[in-house]
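# Observations on chain architecture
So the chains spell out like this:
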Amino acid sequence: AQSVTQLGSHVSVSEGALVLLRCNYSSSVPPYLFWYVQYPNQGLQLLLKYTTGATLVKGINGFEAEFKKSETSFHLTKPSAHMSDAAEYFCAVSDPPGTGNQFYFGTGTSLTVIP
Amino acid sequence: GAVVSQHPSWVICKSGTSVKIECRSLDFQATTMFWYRQFPKQSLMLMATSNEGSKATYEQGVEKDKFLINHASLTLSTLTVTSAHPEDSSFYICSARDVTKGYGYTFGSGTRLTVV
């Protein structure tokens, strides 16, 4: 079974500062990993995903994440925070294709950007 | 591409009534759709997996007679909350996967249900 842990339910950064949102997973097989963003009263928007290949994945809005198998991590980063980045961020892991269709979400991290 | 439309975006209903929420894949076919529930400041909890042309698969603890799911076509799944109570008030989100566009799931915009 898969599981996801997001360290820090709330993260505050100053505008222009580095954003680092942490995500660790547990999986018995190579996982597929995702980061989603959710704005208030809205659905989830995919930021980026890792399936296979290059371990550094670039997504939308300047975000990127690196899959580190040795650390079972998939941390999300952005070099310079913008006010519009304030939102809820969810890390998710899924079963590999053919073994199921479930997503396992982390508990979420609320990002506040201070002007 | 891979757009999922969810309707309504918000609904208020009286206790004891039923509410139907629709989830449509607009530009792709989805044999499988998923229904999630999200409480304030919490993560998404999978309620059930909706399978086109067959019965839905419910997660443990989810009452299938209360949360009726119908997936009658390849582009539409509906969730009906029957005999709604205030504790059913929540944010409900559906998702679907366009298998022609790689491994990723698209989420609907969610439905805020308030039962009074």
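For the structure itself, consult the block above.
Our subject in this report is the structure included herewith. Everything quoted here is computed from the prediction, not taken from an experiment. (Residues numbered from 1 in each chain as written. Chains lettered and ligands numbered in written order. Predicted model: local features only at pLDDT ≥ 70, side-chain atom pairs only at ≥ 80, totals over all residues. Heavy atoms only, no water.)

## Describing the overall build of chain B
Along its length, chain B carries 0 helices and 11 strands. Listing the helices and strands of chain B from first to last along the sequence gives β-β-β-β-β-β-β-β-β-β-β. Against the 2.2 N^0.38 benchmark of 13 Å for 116 residues, chain B shows a C-alpha radius of gyration of 13 Å, consistent with a compact globule. Taking the principal axes of its C-alpha atoms as reference, chain B extends roughly 40 × 30 × 20 Å. Residues counted as buried form 51% of the 116 residues belonging to chain B. Taking contacts inside chain B between residues at least 6 apart in sequence as the whole, the part at least 24 apart equals 53%. Just so you have it, chain B exposes about 5,700 Å², and 53% of that area is on carbon and sulfur atoms. (Helix = DSSP H or I, 4+ residues; strand = E, 2+ residues; numbered from the N terminus. Rg over C-alpha atoms; globule rule 2.2 N^0.38 Å. Buried < 20%, exposed > 50% of the residue type's maximum accessible area, 1.4 Å probe, protein only. Contact = heavy atoms within 4.5 Å. Areas by Shrake-Rupley, 256 points an atom, 1.4 Å probe, with all protein chains shown as cover.)

## Overview of the nonpolar core
Among the nonpolar cores identified, the biggest contains 26 residues, and Trp35(A), Leu47(A), Leu48(A), Phe74(A), Leu76(A) and Tyr89(A) are the most heavily contacted of them. Counting residues per element, this core draws most heavily on strand 10 (residues 87–94) of chain A, at 4 residues. If you look at the next biggest cluster of nonpolar residues, it comprises 24 residues, including Cys23(B), Met33(B), Ile69(B) and Tyr92(B). (Core = buried A, V, L, I, M, F, W, Y, C linked by side-chain atoms within 4.5 Å.)

## Overview of the layout of surface pockets
Taken as a whole, the largest pocket spans an internal volume of roughly 340 Å³. Along the wall of the largest pocket there are 17 residues; nearest its centre are Gln38(A), Pro40(A), Asn41(A), Glu88(A) and Lys41(B). Of all the secondary-structure elements, those providing two or more residues to the lining of the largest pocket are strand 10 and strand 12 (109–114) of chain A. Here the element with the most residues in the lining of the largest pocket is strand 10 of chain A; it accounts for 3 residues. Its residues assigned to classes, the lining of the largest pocket shows 9 nonpolar, 5 polar and 3 charged. (1 Å grid on protein atoms, 1.4 Å probe; cavity = no way out; pocket = protein on both sides within 12 Å on 5 of 7 lines; lining within 4 Å. Points joined across faces, edges and corners; volume = space filled by probe spheres on them. Nonpolar A, V, L, I, M, F, W, Y, C, P; charged D, E, K, R; others polar.)

## What about the interface of chain B and chain A?
Residue-level contacts link 21 residues of chain B with 22 residues of chain A. Here chain B packs against chain A, burying approximately 1,600 Å² in sum over the two surfaces, 54% of which is carbon and sulfur. Here chain B is connected to chain A by 0 salt bridges. Across the contact surface, chain B and chain A share 4 residue pairs in polar contact (both at pLDDT 80 or more). Those elements that provide at least two residues to the side of chain B that touches chain A are strand 4 (32–38), strand 5 (44–51), strand 9 (90–97) and strand 10 (105–107) of chain B. Looking at side-chain class alone, the side of chain B that touches chain A contains 9 nonpolar, 8 polar and 4 charged residues. (Buried area = accessible area lost by both parts, 1.4 Å probe. Salt bridge = Lys/Arg side-chain N within 4 Å of Asp/Glu carboxyl O. Polar contact = N/O pair within 3.5 Å; in protein donor to acceptor, adjacent residues only side chain to side chain.)

## Some points on the state of the cysteines
Taken as a whole and judged by the stated rule, the model has 2 disulfides over all chains. The disulfide partner of Cys23(A) is Cys91(A), and the S-S distance across this bridge is 1.9 Å. Looking down the S-S bond of the Cys23(A) and Cys91(A) bridge, the torsion is -65 degrees, so its handedness is left-handed. In this pair, Cys23(A) sits in the loop between strand 3 (19–21) and strand 4 (24–26) while Cys91(A) sits in strand 10, placing the two residues 68 residues apart along the sequence. Two residues share a disulfide in this structure: Cys23(B) and Cys94(B), whose sulfurs sit 2.0 Å from each other. (Disulfide = S-S within 2.5 Å.)

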